[in-house]
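Descriptive structure summary
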Amino acid sequence: MMAFLEISDLTKRFGGLTAVNHVSFSLTQGEVVALLGPNGSGKTTVLNMISGLLPVSGGTITLEGKRLSGLPAHRIAHAGVARTFQLVRVLPSLTVSDNILAAILFRAGHTSERDARIEAAALLAEVGLEGRGGEHASDLTYIDQKRMELARALAARPKLLLLDEWLAGLNPSELRIGIDLIARLNARGITILLVEHVMDAVRALCPRAVVMNAGRKIADGATADVLRDPEVVRAYLGEPHAAVA
Ligand SMILES: Nc1ncnc2c1ncn2[C@@H]1O[C@H](COP(=O)(O)OP(=O)(O)OP(=O)(O)O)[C@@H](O)[C@H]1O
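Below you will find a few notes about this structure. For clarity, every value in this text was computed on a predicted model and none was experimentally measured.

1. Examining the overall build of the protein chain
Scanning the protein chain from N- to C-terminus turns up 9 helices and 10 strands. A compact globule built from 245 residues should have a C-alpha radius of gyration of about 18 Å, and the protein chain, at 18 Å, falls within 12% of that. In terms of its C-alpha atoms, the protein chain occupies a principal-axis envelope of roughly 55 × 40 × 35 Å. By the burial criterion, 52% of the 245 residues in the protein chain qualify as buried. Looking at the protein chain alone, contacts between residues at least 24 apart form 67% of all its contacts between residues at least 6 apart. Between the mean site of the 26 positive side-chain charges and the mean site of the 25 negative ones, the protein chain shows a separation of 5 Å.

Following this line, the structure appears as structure tokens:
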């Protein structure tokens, strides 16, 4: 069977630093997979190359057999890849609703304002912001900003969703809500690759994990096995941040 997302020999150099070093892995459609590793191991750089924010230095990325690497970010978005960022990126001076409308219009081009508003309201309901469209984005609490960022990503109607530490900074009850939300999106058929340091969330959400260290892939398999792998324990789980939550 053809892989849904195929990452092959992916490499990124920043001057003399090889941040991602010949990394290969693939996702099948409908999977939710964790991309783990210590700080600076290259995880965000992998997401940046998948989403086209950074060009690859070597290797290829394909989605459903179609080559993404080499395409500009907007073409990759239109091909069905959406992402969230480690530091929440919203348009703070706009209302919540207008933040979502901007993302809908980016996807759909010309559409009637009425249809776009109906769609925005549905997306807000989906992420737990029902009826909050009139509020200013800058007035939202941290978790609500995260919900809004997710709604913006969903406005692209992604086939593949890349989450960069989307659960970071949430308190335990918010974390439960966030995990349920991600699980629901996956149940709806969206394939998800998530970079995450919150191990309880990784265990709850991701049957499979890929681990990087110093730009290289060091493990790929069932999450429970990977988290017991001595090399992973040495490179990553020994670090204090991995023990959090
Ligand atoms: N645009 C850039 N220019 C130069 N170096 C970069 C750039 N982006 C990342 N790097 C470097 O590449 C390496 C990998 O960084 P990356 O952000 O991908 O790691 P990470 O695994 O996502 O870490 P974290 O868990 O802290 O987010 C680091 O050494 C980083 O300093």
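2. A few points about the pairing of strand β2 (residues 17-27)
As defined by bridge partners, strand β1 (residues 5-14) adjoins β2 across 7 bridges and the pair is classed as antiparallel. Residue pairing in the sheet places phenylalanine 14 in a bridge with leucine 17 of β2. Counting the residues that bridge the hairpin from β1 to β2 gives 2 residues, and of these glycine 15 lies at a positive phi of roughly 55 degrees.

3. Observations concerning the packing of helix α3 (residues 96-108) against helix α4 (residues 113-126)
One can describe the packing of α3 onto α4 by two numbers: an axis separation of 9 Å at closest approach and a directional angle of 115 degrees. Between α3 and α4 the crossing geometry is right-handed. Each of Val96, Ser97, Asp98, Ile100, Leu101, Ile104 and Arg107 in α3 lies in contact with α4, whose residues at this interface are Ala116, Arg117, Glu119, Ala120, Leu123 and Leu124. When grouped by side-chain class, the residues that make up the contact of α3 with α4 number 8 nonpolar, 1 polar and 4 charged.

4. What about the sheet that holds β1?
The strand order across the open sheet formed by 4 strands is β2-β1-β4-β5, and the pairing between neighbours is antiparallel. Two strands lie at the open edges of the sheet, namely β2 and β5 (66-67), each paired on one side alone. Where β1 lies against strand β4 (residues 58-63), 5 bridges are found, and the strand directions are antiparallel. Each residue of the ladder has a partner; that of leucine 5, found in β4, is leucine 63.

5. Some remarks on the side chain of serine 51
For serine 51, the location among the structural elements is in the loop between α1 (43-50) and β4. A distance of 3.0 Å separates a polar atom in the side chain of serine 51 from a polar atom in the side chain of arginine 83. Residues contacting serine 51, with those up to four places away along its chain left out, are Ala73, Ile76, Val81, Arg83 and Leu162.

6. Description of helix α5 (residues 142-154)
Counted at 1.5 Å a residue, the expected span for α5 with its 13 residues is 18 Å, and the 18 Å between its end C-alpha atoms agrees. Across the 13 residues that make up α5, a large majority, 11, are buried. Along α5, the positions that sit buried rather than exposed are Ile143, Asp144, Gln145, Lys146, Arg147, Met148, Glu149, Leu150, Ala151, Ala153 and Leu154. Packing partners of the buried residues in α5 comprise β6 (81-83), α3, α4, β7 (160-164) and α6 (172-187).

7. Digging into unusual backbone geometry
Of note in this structure, histidine 22 is not a glycine but carries a positive phi near 50 degrees. Residue placement: histidine 22 occurs in strand β2. Histidine 22 sits in the partly exposed class, given a relative accessible area of 46%. The residue alanine 214 is not glycine, and still its phi comes out positive at about 50 degrees. Summarising the element assignment, alanine 214 is placed in the loop between β9 (208-213) and β10 (216-222).

8. Some thoughts on the packing of α3 against α5
What describes two packed helices is the angle between their axes and the distance between those same axes. Their axes nearest at 8 Å, the elements α3 and α5 cross at an angle of 25 degrees. Between α3 and α5, the interaxial angle falls into the category roughly parallel. Crossing angle aside, the handedness with which α3 passes α5 is right-handed. Residue-level contacts link Val96, Asn99, Ile100 and Ala103 of α3 to Met148, Ala151 and Arg152 of α5.

9. A closer look at the site of the ligand
As a structural note, the neighbourhood of the ligand is formed by 14 residues, with Asn39, Gly40, Lys43, Thr44 and Thr45 the closest of them. For the ligand, an oxygen atom lies 2.7 Å from a polar atom in the side chain of lysine 43. If the ligand stood free it would expose 640 Å²; the protein chains cover 63% of that surface. With 3 residues, the top contributor of residues to the shell around the ligand is α1.

Calculation rules
Residues numbered from 1 in each chain as written. Predicted model: local features only at pLDDT ≥ 70, side-chain atom pairs only at ≥ 80, totals over all residues. Heavy atoms only, no water. Helix = DSSP H or I, 4+ residues; strand = E, 2+ residues; numbered from the N terminus. Rg over C-alpha atoms; globule rule 2.2 N^0.38 Å. Buried < 20%, exposed > 50% of the residue type's maximum accessible area, 1.4 Å probe, protein only. Contact = heavy atoms within 4.5 Å. Lys, Arg positive; Asp, Glu negative; His and termini not counted. Charge placed at Lys NZ, Arg CZ, Asp CG, Glu CD. Pairing = 2+ DSSP bridges. Axes fitted to C-alpha atoms, helices over the stretch in contact; angles between N-to-C directions. Left-handed = near helix turned anticlockwise from the far one by under 90°. Nonpolar A, V, L, I, M, F, W, Y, C, P; charged D, E, K, R; others polar. Polar contact = N/O pair within 3.5 Å; in protein donor to acceptor, adjacent residues only side chain to side chain. Expected span 1.5 Å × (residues − 1). Parallel < 35°, antiparallel > 145°, perpendicular 65-115°, else oblique. Near = heavy atom within 4 Å. Areas by Shrake-Rupley, 256 points an atom, 1.4 Å probe, with all protein chains shown as cover.

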